[in-house]
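# Reading the structure
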Amino acid sequence: FGGMLRSVTKCSCGNRSLSFDPILDLSIPIGGADIEQCISEMARVNEISEFRCAYCKRKTTAQHQITVQSLPKQLVIHLKRFSASGRKDSSAVGFKERFVFPKFYEEDATYLLTGVVMHHGSSYGGHYTAYVRRLDSRGSPLSSQQEWVECDDSSVTAVSARHVLGATQAAY
């Protein structure tokens, strides 16, 4: 059902620390114009200063990288719109109806967009709505006129795919 993240920390002495963490959703920083760029940013090698190596016992510089080891059958992506200080990043992040996971990962996978959760407001208050793709019993999209709905409290309204794909600043 879930996937697996792979975390590697490499000390300047050459020692490597490797760990694996199961995931049900993929939380990614906002670091690009679209989902693919944000995932690439997540997988970027980061430098850690003042790292204390368990092997050489020195305080040194290390490199750290997180990648996806295995992908889930159903992928839930969470955009990290809120910082630790509580600020909301409303940068536009584009997404498509069909998403091919970036090639530099272990597996090749294509996902069909089936929902988008939206946050309207700030970190001090707001409102959540959702766009949901209607599927038939086989998991295939319905006709384009009936395919997407917007759920806002007790209101459910038909919307176009174009409308959903244009919601790049509030997608959560």
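Everything here concerns the structure above.
So, here is what we can say about the structure in this document. Predicted, not measured: the structure shown is a model, and the values here were computed from it. (Residues numbered from 1 in each chain as written. Predicted model: local features only at pLDDT ≥ 70, side-chain atom pairs only at ≥ 80, totals over all residues. Heavy atoms only, no water.)

### What about the overall build of the protein chain?
Looking only at helices and strands, the protein chain features 2 helices and 12 strands. Each helix and strand of the protein chain, placed in order from N terminus to C terminus, yields the pattern β-β-β-α-β-β-β-β-β-β-β-β-β-α. Each of the three principal axes of the protein chain carries a C-alpha extent, and together these read 60 × 40 × 25 Å. The 172 residues of the protein chain split such that 31% are buried. Taken as a whole, the protein chain presents about 10,500 Å² of accessible surface, with 50% of it coming from carbon and sulfur. (Helix = DSSP H or I, 4+ residues; strand = E, 2+ residues; numbered from the N terminus. Buried < 20%, exposed > 50% of the residue type's maximum accessible area, 1.4 Å probe, protein only. Areas by Shrake-Rupley, 256 points an atom, 1.4 Å probe, with all protein chains shown as cover.)

### With respect to the pattern of salt bridges
All chains considered together, the criterion is met by 5 salt bridges. Between Arg133 and Glu147 there is a salt bridge, with the nearest N and O atoms lying 2.7 Å from each other. Placement of the pair is Arg133 in strand β10 (residues 125–133) and Glu147 in the loop between β10 and β11 (148–152), with a sequence separation of 14 residues. For the residue pair Arg133 and Glu147, the accessibility class agrees, reading buried in each case. What emerges from the salt-bridge pattern is a single network uniting Glu97, Arg133 and Glu147. (Salt bridge = Lys/Arg side-chain N within 4 Å of Asp/Glu carboxyl O.)

### Some thoughts on the side chain of Arg133
A relative accessible area of 6% places Arg133 in the buried class. From its side chain, Arg133 meets the backbone oxygen of Leu113 in a polar contact 2.7 Å long. If we ignore the near neighbours within four places in the chain, the residues touching Arg133 are Glu97, Leu112, Leu113, Thr114, Pro141, Glu147 and Trp148. (Polar contact = N/O pair within 3.5 Å; in protein donor to acceptor, adjacent residues only side chain to side chain. Contact = heavy atoms within 4.5 Å.)

### Some points on the pairing of β11
As judged from the 4 bridges shared by β10 and β11, these two strands associate in the antiparallel manner. Directly across from Val132, in β11, lies its bridge partner Val149. Judged from the 5 bridges that link them, β11 and strand β12 (residues 155–159) form a sheet pairing that is antiparallel. When the bridges of β12 are listed, Glu150 appears paired with Thr157. Between β11 and the antiparallel strand that follows it, β12, lie 2 residues; Asp153 among them carries a positive phi value of about 55°. (Pairing = 2+ DSSP bridges.)

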